[in-house]
Amino acid sequence: MRVLVTGGAGFIGSHFVKRLAAKGDEAVVLDRLTYSGNRANLEGVEHEFHHGDIADPEAVAAAGTGCAAVANFAAETHVDRSILGPREFVHTDVLGTQTLLEWARESGARYVQVSTDEVYGDLEPNIRSREDDPLRPSSPYAAAKAAGDLQVLAYVRTYGVRASITRGANTFGSHQYPEKLIPLFVTNALEGLELPVYGDGKQVREWLHADDHCAAIELVLRDGEPGEVYNVGGEEFENIEVTHRIVELTGVDAGLIRHVEDRAGHDRRYALDDAKLRTLGWSPRHSFGETGLTETVEWYRANRDWWEPIKSGEYREYYERQYAHRLA
Ligand code: DAU
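For clarity, every value in this text was computed on a predicted model and none was experimentally measured.

Caption draft 1: Representation of the packing of helix α2 (residues 57-64) against helix α4 (residues 87-107). Across the interface, α2 lies against α4 with an axial gap of 10 Å and an inter-helix angle of 45°. In terms of orientation, α2 lies oblique with respect to α4. α2 and α4 meet at a crossing whose hand is right-handed. Counted together, P57, V60, A61 and G64 of α2 and T99, L100 and W103 of α4 form the full contact between these two elements.

Here is the structure:
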């Protein structure tokens, strides 16, 4: 199958391209190569590459030629950046999604929208989000993703586009841009820098390995029902527990941990009920608590040449804006 992978040079997208290539499927990548898109993520991997924006109909049509399916990984994804500047999120996550849907409508391609558990908003202990729960996004990022999901469902109902949605938990693994909790804290620890924990650090996230996330997306692309949403869950941990594990695994002093000013509108907990996906035959193969985090830390330790160049230029400016006042 020839598959259009938008955002294929990003973190989860590049894991997906590798998965398709390993199975002999043809991956066509469309990526705007914004700050977190990185062609080095696809080094040595068979694929066709198109540089462009998913909100540009011509770029989508050119890249999509001959593709029977599209998996949409292209998105602005970082909550903290959405608080600093929400507009880009609406451009890519809403208008970009609608542009891709229009192409799928014209071409008849199968469509999978890679979405997030953040669209459900935060949860009390002991509750898990199900696919038909109301959407209560908290951040500009989550609101943009929720709007994208609603576009997908409207295109299914109104135009019969064969689209499904996956809503994944916090994803970890190699090649993740070092602005997210795990790669930020691991690379900071390896550089002897402070680990800025927002608030009390008792917020809960579910952790899902990138390969398990991609296996779920591929399964939904092949066997999912149009118009259906599938949650992809992970293992629950408090941020402070993850932080202490990173301190142990990198061998740094726990004195590097700094509790800093909280994120505005910070969701306390996400948790997914993914029984529906499991009935399609999915189950995770990587355990975060047992080996997943350890292997990820090892990858960052062994691949400084991947992340050191990233932690300069635009990254430094962002880091200053986001953390300088918190760490002062
Ligand atoms: O849940 C799925 C979502 O997971 C994805 O849709 C998002 O694209 C992805 O960014 C992630 O969102 P989070 O906001 O949960 O991820 P992040 O790595 O930014 O933060 C994880 C938790 O760690 C969150 O509670 C905030 C906290 N945190 C994060 C950073 C960057 C800190 O305490 N300090 C930090 O410096």
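Caption draft 2: Up close: the domain arrangement of the protein. Domains assigned within the protein are domain 1 (2-171 + 206-232) and domain 2 (178-205 + 238-265 + 290-327). Each of domain 1 and domain 2 has a C-alpha centre, and the two are 25 Å apart. Regarding the contact of domain 1 and domain 2, the summed buried area is about 1600 Å², with carbon and sulfur atoms giving 50% of it. Three residues, D80, L84 and W207, lead the burial of domain 1 against domain 2; their summed loss comes to 36% of the area buried on that side. For the interface between domain 1 and domain 2, the tally reads three salt bridges.

Caption draft 3: Expanded view of unusual backbone geometry. For N126, which is not glycine, the phi dihedral falls at a positive 75°. If you trace the backbone, N126 turns up in the loop between β5 (110-116) and α5 (140-159). Judged by its relative accessible area of 79%, N126 is exposed. One non-glycine residue, H175, lies in positive phi territory at about 65°. Along the chain, H175 falls in the loop between β7 (170-172) and α6 (181-190). For H175, a relative accessible area of 13% translates into the label buried.

Conventions adopted
- Residues numbered from 1 in each chain as written.
- Predicted model: local features only at pLDDT ≥ 70, side-chain atom pairs only at ≥ 80, totals over all residues.
- Heavy atoms only, no water.
- Axes fitted to C-alpha atoms, helices over the stretch in contact; angles between N-to-C directions.
- Helix = DSSP H or I, 4+ residues; strand = E, 2+ residues; numbered from the N terminus.
- Parallel < 35°, antiparallel > 145°, perpendicular 65-115°, else oblique.
- Left-handed = near helix turned anticlockwise from the far one by under 90°.
- Contact = heavy atoms within 4.5 Å.
- Domains from an automatic or database assignment.
- Buried area = accessible area lost by both parts, 1.4 Å probe.
- Salt bridge = Lys/Arg side-chain N within 4 Å of Asp/Glu carboxyl O.
- Buried < 20%, exposed > 50% of the residue type's maximum accessible area, 1.4 Å probe, protein only.

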